[in-house]
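A closer look at the structure
This is what each chain is made of:
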Amino acid sequence: MTSDVAIRLATRRDIADMMALEARYYVGNLDPSERANGFISNLQTQDWFTWAVDSSGVHGAVTDDGSVVGFIAVTDPPAPAQAGLSPIIQRVLDLAESLEFNGKPIAQQRFALRGPVCVDAAARGRGVYSAFNAATRAAYRERFDLGVLFVSTDNPRSLHTATTKLGAQSLAVFEVDSQRYHFLAFSF
Ligand SMILES: CC(C)(COP(=O)(O)OP(=O)(O)OC[C@H]1O[C@@H](n2cnc3c(N)ncnc32)[C@H](O)[C@@H]1OP(=O)(O)O)[C@@H](O)C(=O)NCCC(=O)NCCS
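In what follows, the accompanying structure is described. Treat the numbers as computed from the prediction; the structure is a model and nothing was measured.

With that settled, consider helix H1 (residues 15-24). Within the span of H1, buried status applies to Ile15, Met18 and Leu21. Buried residues of H1, viewed axially, fall in a sector of 125°; they line one side. Within H1, the exposed residues directed more than 90 degrees away from the buried face are Ala16 and Ala20. Its buried side turned inward, H1 meets helix H2 (46-54), strand E2 (58-63), strand E3 (68-75) and strand E6 (111-119).

Here it is as structure tokens:
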């Protein structure tokens, strides 16, 4: 990775920048022609960011001048009955009950939800994604056995990085509101 970008745990002071970054790459805010390099399917609320940061679940990529150019979340999954879950997360939790990874149902193991992950276009192709994987594996491998994530079937860049760089496996494809998503899992 280029030397001017460092990975560190995000703090509450980073939340506004991370929310702005996420909103910039939200599928609804991108022209269809801009989506080829990836997009975010679900926007997180400020309350969610606060909870995730407070549980040490978010890492940021920060430049020398303090700008946040990327972030990744690795968090405990919410309880399936929690109010206000997005339909995509609801399906991910349902699938975790029935799908197996390493020979056991995922929900019977210590699993994390991985994502969202977002790298600003100006910082892509510089190793930030792989640096996130190294930092989060080191930070969470004692806490979780495996991680699960979802990737839109229309997001080939993210599917490529998740399968080849993270080493995640697609275990199923599911549909929400006419959009299809891979359910992937990886070992920490
Ligand atoms: C997905 C994302 C986090 C990856 O980070 P990144 O810094 O772009 O990742 P890298 O540059 O290390 O790797 C990108 C890889 O995708 C490949 N790629 C680029 N466009 C692609 C495409 N349209 N289809 C398939 N692969 C593609 C590149 O060749 C590269 O792979 P290689 O190193 O094996 O050649 C980043 O692009 C991003 O934030 N996108 C917008 C938000 C997003 O999609 N988040 C994930 C939601 S599930």
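Having seen it, we continue.
Ala61, Phe71, Val148 and Leu184 are the most contacted members of the largest nonpolar core, which has 47 residues in total. Apart from residues no more than four positions distant in its own chain, leucine 184 is found in contact with Val148, Leu149, Val151, Ala162, Ala168, Gln169, Ser170 and Leu171.

Pairing of strand E7 (residues 146-152) with strand E9 (residues 179-187) involves seven bridges; the strand directions are antiparallel. By the bridge assignment for E9, leucine 149 is matched with leucine 184. Joining the antiparallel neighbours strand E8 (residues 169-176) and E9 is a turn of two residues, in which aspartate 177 adopts a positive phi near 50°.

So, how was this worked out
- Residues numbered from 1 in each chain as written.
- Predicted model: local features only at pLDDT ≥ 70, side-chain atom pairs only at ≥ 80, totals over all residues.
- Buried ≥ 20, exposed ≤ 12 C-beta atoms within 10 Å, placed from the backbone.
- Helix = DSSP H or I, 4+ residues; strand = E, 2+ residues; numbered from the N terminus.
- Arc of directions from axis to C-beta.
- Contact = placed C-beta atoms within 7 Å.
- Core = buried A, V, L, I, M, F, W, Y, C linked by C-beta atoms within 7 Å.
- Pairing = 2+ DSSP bridges.

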